Amino acid sequence: MKTLGARNIAIGNRTKQKIPNKAMYKIMLEEARRHVSESHSLAKVCLSDRPRTFALMQIVADLAREGATALDLGAGCGPLTFAFLSAGGGDVIAVEKSSELCRVIDNCAHIFGFEDRILIYNRDIFDPVMKLPKNIDFVLAELIATGLLSEPMVAAMQHIRPLTHEGTLFIPEKAVSTITLCDQRGFPISAPETYDFVDMRDVERNSVDVIATLTVRTEREKALATYVDINTSLTYPDGGVTGEFQSLCNRLPMEITDYALQLKQFEVENGEEVKLRIRYEYGEEPIYVTRVI
Ligand SMILES: C[S@@+](CC[C@H](N)C(=O)[O-])C[C@H]1O[C@@H](n2cnc3c(N)ncnc32)[C@H](O)[C@@H]1O
């Protein structure tokens, strides 16, 4: 295995062993607890989100094909990489900017016997130094997904697209984001409204600027609109859907710039239609949500 800048890749006896996802998960978690500090803890938090991680590992394992090459962008502790390899996938190039996380992947690869099938780049996804092969069969890019806001999932997919072919599977493949109006206790006072749809295979946009119309549904006659919930569901090439991850859902305090009144909160009536403008760049916070009157 090669962690770039460190050792050379050795393609020797290629291990093809199958290891249950549960067993790999336990070891990844132990390695993460041992080697990952608080400042690099995002991937550890994601890994600890068991329902999320197991769902993703299963999706990848079900799709993996023998001899296929995968690129794991923002590989974290490597759950997708190892699920792919254990299920019989060919080789993986794992790109991860945190050296602590690269160490976890490296250690786990040795423990699992996959060291000859992984190339680890301790680099930024956009670093031009990396020599990535053409004809990538699988793009794994499980970056923070809520709103496609916090990490460069869309930009990463766009960046890597020239290295893909018609049959390449993008994991995730699509993202649907919804917005829900909530009262001062955080309880929903509208149904979720879809405001953004992204297909990773052909998305050209880098930002969102839309107006969503939400209908207030509250048991009382009136309520105080105080928050919005943004949630994103991800769809995979097999039609599977994930979302509402324990650790990855934010509730965003609403920055209402009511044009007339500059209110933080506003009163709404049951059945009223509320228009909200939602603006942000993919991969970057802040998000601006303003009421349109
Ligand atoms: C949300 S974590 C998910 C990790 C792993 N894919 C998983 O599903 O468990 C995203 C990872 O991407 C890495 N990352 C974010 N932006 C990156 C970039 N520009 N280049 C390389 N790695 C990046 C972070 O360090 C983090 O470990």
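The structure we're discussing is the one just above.
Bear in mind that the values here come from a model prediction, so they are computed numbers and not experimental data.

Colleague: I tried to follow the overall build of the chain on my own but got confused; where do I start?
Modeller: Within the chain one finds 6 helices and 16 strands. Out of the 293 residues belonging to the chain, those deemed buried represent 42%. Within the chain, contacts between residues at least 6 apart in sequence are counted, and of these 73% link residues at least 24 apart.

Colleague: Explanation requested: the pairing of strand β6 (residues 164-171) in the structure shown.
Modeller: Residues in a regular strand point their side chains to alternate faces of the sheet. Bridging between strand β5 (residues 136-140) and β6 involves 4 bridges; their strand directions are parallel. Within β6, the residue paired with V139 across the bridge is F170. At this point the chain moves from β5, through helix α6 (residues 153-160), to the parallel β6, and the crossover so formed is right-handed.

Colleague: What is the right way to read the packing of helix α1 (residues 21-35) against helix α5 (residues 99-112) from this model?
Modeller: Axes are the key here: two packed helices are described by the angle between their axes and the distance separating the axes. Two elements in contact, α1 and α5, have axes whose closest approach is 9 Å; the angle formed by their N-to-C orientations is 140°. Relative to α5, α1 is oriented oblique. The handedness of the crossing between α1 and α5 is right-handed. Of the residues in α5, those touching α1 at M24, I27, M28, E31, A32 and H35 are E100, R103, V104, N107, C108, I111 and F112. Tallied by class, residues from the contact of α1 with α5 come to 8 nonpolar, 2 polar and 3 charged.

Colleague: Whenever I open this one, the site of the ligand confuses me. Can you help?
Modeller: Near the ligand there are 22 residues, and of these A43, G74, G76, K97 and E142 occur at the shortest range. At the level of secondary structure, the elements contributing two or more residues to the shell around the ligand comprise α2 (42-48) and α4 (79-86). Top element by residues in the shell around the ligand is α2. It accounts for 4 residues.

Colleague: What exactly am I supposed to notice about α1 here?
Modeller: Since the α-helix advances by 3.6 residues per turn, residues separated by three or four positions end up pointing in the same direction. Across its 15 residues, α1 extends 21 Å between first and last C-alpha, which sits within 8% of the 21 Å expected from 1.5 Å per residue. Among the residues making up α1, those that are buried are N21, M24, M28, E31 and A32. Seen along its axis, α1 keeps its buried residues to an arc of 100°; they face one direction. Along α1, exposed side chains directed more than 90 degrees from the buried face belong to K22, A23, K26, R33 and R34. Elements that come into contact with the buried residues of α1 comprise α2, α3 (50-63), α4 and α5.

What counts, and at which threshold
Starting afresh in each chain, residues are numbered from 1 along the sequence in its written order. With the structure being a predicted model, the display of local features is reserved for residues of pLDDT at least 70 and the display and counting of side-chain atom pairs for 80 or more, all residues being used for whole-chain, interface and lining totals. For the purposes of this entry, the term helix denotes a DSSP run of H or I that reaches at least four residues, the term strand denotes a run of E that reaches at least two, and both are numbered from the N terminus. Backbone-placed C-beta atoms define the burial measure: a residue is buried with 20 or more other C-beta atoms within 10 Å of its own, exposed with 12 or fewer, and partly exposed in between. By the convention adopted here, residues are in contact when the distance between their C-beta atoms, placed from the backbone, does not exceed 7 Å. When DSSP finds two or more bridges between two strands, those strands count as paired. If the strands point away from the viewer and the path from the first strand over the helix to the second runs clockwise, then the crossover is right-handed. In this analysis an axis means a line fitted to C-alpha atoms, helices contributing only their contacting stretch, and an angle means the value between N-to-C directions, from 0 to 180 degrees. Any angle that falls under 35 degrees is termed roughly parallel, while one over 145 is termed roughly antiparallel, one within 65 to 115 roughly perpendicular, and all others oblique. Two helices cross in a left-handed way if the nearer one is turned anticlockwise from the farther one by less than a right angle. They cross in a right-handed way if the turn is clockwise. Note on residue classes: Ala, Val, Leu, Ile, Met, Phe, Trp, Tyr, Cys and Pro are nonpolar, Asp, Glu, Lys and Arg are charged, and everything else, Gly too, is polar. Whether a residue is near a molecule or strand depends on its C-beta atom, generated from backbone atoms, being within 6 Å of that molecule or strand. Multiplying one less than the number of residues by 1.5 Å gives the expected span of a helix. Note that the arc is defined by the directions from the helix axis to the C-beta atoms.

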